Amino acid sequence: MRPDDEALIVACIPSLRRYARGLTGERDRADDLVQDTLERAWSRFSRWQRRGELRAWMFGIMHNQFIDSLRAQKRQPDYGAETEIPELPVRATQADRLEVRDLDRHLQRLPADLRAVLLLVAVEEFTYREAAQVLEVPIGTVMSRLSRARERLAALLQARAEAPAASHVQRIRAT
């Protein structure tokens, strides 16, 4: 591997971390996913053979690693249920940070296939063709999943926006 090849891989790390965080919703799991992706990319770099964009190839590795980990989790018995995300997050005065947190929670409620395509296209700015290559699906599937992901996310965000007004009305009626 040439030094400039190493630099290309290292340049992908910030985007990989952002995508991993969006997929997993947890910093530690995201860091593990990035580490696994980098290890696999280094060990299989000769297979890349410059047939396409390195960034898309690396994201493809990460996506496959993530799907493999989901499948492995399903095979593991669940010994303790994790804390559920509250249905309606409470908005405080630290609006920007809380809005990002809420958005992340809503993203985590989307199915993995919809979340992945939304993150690739909307956050990482992949073209539909690049996203299709990463996810190993036809472009039409990317477009369909993206549309469904946007609709579901919009519905979740709309429900959040309407919730505080409804709870306020209920408190007034109770008094």
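Residues numbered from 1 in each chain as written. Predicted model: local features only at pLDDT ≥ 70, side-chain atom pairs only at ≥ 80, totals over all residues. Heavy atoms only, no water.

- The name given to the protein in an unreviewed UniProt entry is RNA polymerase subunit sigma-24, with the source organism recorded as Bordetella genomosp. 6.
- Per UniProt, the protein has the following entry under Sequence similarities (unreviewed entry): "Belongs to the sigma-70 factor family. ECF subfamily." (UniProt positions renumbered as here; feature names shortened; annotations may be inferred.)

**Here's the deal with the packing of aromatic side chains**
For step 1, the next point in the chain: One pass over the structure, following the stated rule, counts two aromatic pairs.
For step 2, the next point in the chain: Arranged with centres 5.2 Å apart and planes meeting at 40°, the rings of tyrosine 19 and phenylalanine 59 form a pair that is tilted. You can see tyrosine 19 sitting in helix α2 (residues 13-24) and its partner phenylalanine 59 sitting in helix α5 (residues 54-75), a full 40 residues away along the chain. Of the two residues, tyrosine 19 and phenylalanine 59, neither departs from the other in class, the shared state being buried.
For step 3, the next point in the chain: Of the aromatic side chains, those joined through ring pairs into one cluster are Tyr19, Phe59 and Phe126. (Phe/Tyr/Trp six-rings, centres within 6.5 Å; stacked < 30°, edge-to-face > 60°. Helix = DSSP H or I, 4+ residues; strand = E, 2+ residues; numbered from the N terminus. Buried < 20%, exposed > 50% of the residue type's maximum accessible area, 1.4 Å probe, protein only.)

**Considering the packing of α5 against helix α8 (residues 128-135)**
For step 1, the next point in the chain: Where α5 contacts α8, the two axes come as close as 8 Å, and the packing angle between them is 45°. With respect to each other, α5 and α8 are oriented oblique. Considering only the axes of α5 and α8, their crossing is right-handed. The segment α5 lies against α8, with Ala56, Phe59, Gly60 and His63 engaging Gln133, Val134 and Leu135.
For step 2, the next point in the chain: Of the residues assigned to the contact of α5 with α8, the class counts are four nonpolar, three polar and no charged. (Axes fitted to C-alpha atoms, helices over the stretch in contact; angles between N-to-C directions. Parallel < 35°, antiparallel > 145°, perpendicular 65-115°, else oblique. Left-handed = near helix turned anticlockwise from the far one by under 90°. Contact = heavy atoms within 4.5 Å. Nonpolar A, V, L, I, M, F, W, Y, C, P; charged D, E, K, R; others polar.)

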